[in-house]
Amino acid sequence: MDLTARAFWLRSPGLGEVRDVELPKPGDGEVLVRALYSGVSRGTEALVFRGGVPESQHAVMRAPFQEGDFPAPVKYGYLSVGRVEHGPAELAGRTVFCLYPHQSRYVVPASAVTVVPDTVPAGRAILAGTVETAVNAVWDAGPQIGDRIAVVGGGMVGCSVAALLGRHPGVRVQLVDADPRRADTARALGVDFALPEDALGECDLVVHASASEQGLLRSLELLAPEGTVIELSWYGDRRVTLPLGEAFHSRRLTVRSSQVGTVSPRARAGRGYGDRLALALELLAEPAFDALITGESAFDDLPEVLSRLTRGELEGLCHRVRYTAG
């Protein structure tokens, strides 16, 4: 049994490295997983890479299998897909998703992995964590038949939310983003697209995922009276200012957060993270989600890739990390 591995660590803000690590021997109820792919959650991981996690959010932002502490040194990440090399018979040889950092092999409790359906390619399954967030957001939003909906912000989460909302009957869904290249992504996902200045107004519901003050302001402007903004953005250490005077009260607008990792009992009582993740993996049988994977590189290149992503030199949505066999 090979118990060696290589792991990506943030040594200091802005400086990553790949380290050799030794794994513990898996015990009863544990699995040894060999990574096939992992995904870079661009917004969150760029925030971590530049050392921008606010001190007040250090505990909230911890990933399930994170090692080290913010700002650094820290091993971070949570979109890993691999094959079980050792473990219970029902999992041995299966492809699984796990909320594990970027690492070539790892040992975790068997309860920490979710089997990827045979209908979902391993390379697409890295989106499971993002689509699970989108499932949570749609449950929080509670769209109704005939709703006029905008999703402001065409990143990984925004595109995933738009894709799910677009499958609701009788709704009008428009993905809104300042980058005209997102029009192709919207088309692949089966929803309409508009630049912010061209977006359709009088929306019953706007899901905001651009992580910008301008995006949230535009979201409020797009609402019909009594409309609701579901705020999905994570701003990290930045503050935002909103015009809550003017027509905000007279139009009876609502801004409501959708918290990643939990769901309001009013939305789906008794449906926990495991239920949402299993559902997300089922939804990923849809090939349209491949439009969210816009780049790929080898694991050994990850320190430079994350640096370039953080500097904005690499465009796109989800960046996929590929691991070699062995």
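Residues numbered from 1 in each chain as written. Predicted model: local features only at pLDDT ≥ 70, side-chain atom pairs only at ≥ 80, totals over all residues. Heavy atoms only, no water.

1. Details of the overall build of the chain
Logical step 1: When you go through the chain residue by residue, the secondary structure sums to eight helices and 17 strands.
Logical step 2: For 326 residues, the compact-globule estimate of 2.2 N^0.38 gives 20 Å, and the C-alpha radius of gyration of the chain, at 20 Å, lies within 12% of that figure.
Logical step 3: Here the C-alpha coordinates of the chain stretch approximately 65 × 40 × 35 Å along the principal axes.
Logical step 4: Considering only contacts in the chain between residues 6 or more positions apart, those separated by 24 or more positions represent 66%.
Logical step 5: Of the roughly 14,400 Å² of accessible surface on the chain, 50% is carried by carbon and sulfur atoms.
Logical step 6: Here the chain contributes 33 positive and 40 negative side-chain charges, whose respective centroids are spaced 1 Å apart. (Helix = DSSP H or I, 4+ residues; strand = E, 2+ residues; numbered from the N terminus. Rg over C-alpha atoms; globule rule 2.2 N^0.38 Å. Contact = heavy atoms within 4.5 Å. Areas by Shrake-Rupley, 256 points an atom, 1.4 Å probe, with all protein chains shown as cover. Lys, Arg positive; Asp, Glu negative; His and termini not counted. Charge placed at Lys NZ, Arg CZ, Asp CG, Glu CD.)

2. Thoughts on helix H4 (residues 156–165)
Within an α-helix, residues lying three or four positions from one another point in the same direction, as the helix has 3.6 residues per turn.
Logical step 1: Within H4, nine of the ten residues are buried, which leaves it mostly tucked inside the rest of the structure.
Logical step 2: Considered for burial, the residues of H4 that qualify are Met156, Gly158, Cys159, Ser160, Val161, Ala162, Ala163, Leu164 and Leu165. (Buried < 20%, exposed > 50% of the residue type's maximum accessible area, 1.4 Å probe, protein only.)

3. Digging into the sheet that holds strand E11 (residues 172–176)
Logical step 1: The strand order across the open sheet built from six strands is E12-E11-E10-E13-E14-E15, with neighbouring strands paired in parallel fashion. Only two strands of the sheet have a single neighbouring strand rather than two, namely strand E12 (192–194) and strand E15 (254–257). Each strand of the sheet is rotated relative to its neighbour by a mean of 25°, with strand direction disregarded.
Logical step 2: Pairing geometry for strand E10 (residues 148–152) and E11, over five bridges, is parallel. The partner of Val151 across the bridge, within E11, is Leu175. (Pairing = 2+ DSSP bridges. Axes fitted to C-alpha atoms, helices over the stretch in contact; angles between N-to-C directions.)

4. Here we look at the packing of helix H3 (residues 128–141) against H4
Logical step 1: Interaxial distance between H3 and H4 falls to 8 Å at its minimum, and their mutual angle equals 55°. Judged on the interaxial angle alone, H4 and H3 are oblique. For the crossing formed where H3 meets H4, the hand is right-handed. Taking contact as the criterion, the partners of Thr130, Val131, Thr133, Ala134, Val135, Ala137 and Val138 in H3 are, on H4, Met156, Val157, Ser160, Val161, Leu164 and Leu165. (Parallel < 35°, antiparallel > 145°, perpendicular 65-115°, else oblique. Left-handed = near helix turned anticlockwise from the far one by under 90°.)

5. Section: unusual backbone geometry
Logical step 1: Of the consecutive residues Phe70 and Pro71, the connecting peptide bond is found in the cis state with omega at 0°.
Logical step 2: With respect to the secondary-structure elements, Pro71 resides in the loop between strand E4 (67–68) and strand E5 (74–75).
Logical step 3: Here the amide bond leading from Ala72 into Pro73 is cis, since omega sits at -5°, within 30 degrees of zero.
Logical step 4: Mapped onto the secondary structure, Pro73 falls in the loop between E4 and E5.
Logical step 5: You will see that Ala211, though not glycine, has its phi angle at about 55°, which is positive.
Logical step 6: The class for Ala211 is partly exposed, based on a relative accessible area of 21%.

6. Overview of the packing of aromatic side chains
Logical step 1: Counted under the stated rule, the structure contains five aromatic pairs.
Logical step 2: With 4.1 Å between their ring centres and 10° between their planes, Tyr100 and Tyr106 make a pair best called stacked.
Logical step 3: Residue Tyr100 is classed as buried on the basis of its relative accessible area of 7%.
Logical step 4: Through a chain of ring-to-ring contacts, the aromatic side chains of Phe65, Tyr100 and Tyr106 assemble into a single cluster.
Logical step 5: Directly above the aromatic system of Tyr37 lies the positively charged group of Arg320, at a separation of 5.3 Å from the ring centroid. (Phe/Tyr/Trp six-rings, centres within 6.5 Å; stacked < 30°, edge-to-face > 60°. Lys NZ or Arg CZ within 6 Å of the ring centre and 35° of its normal.)

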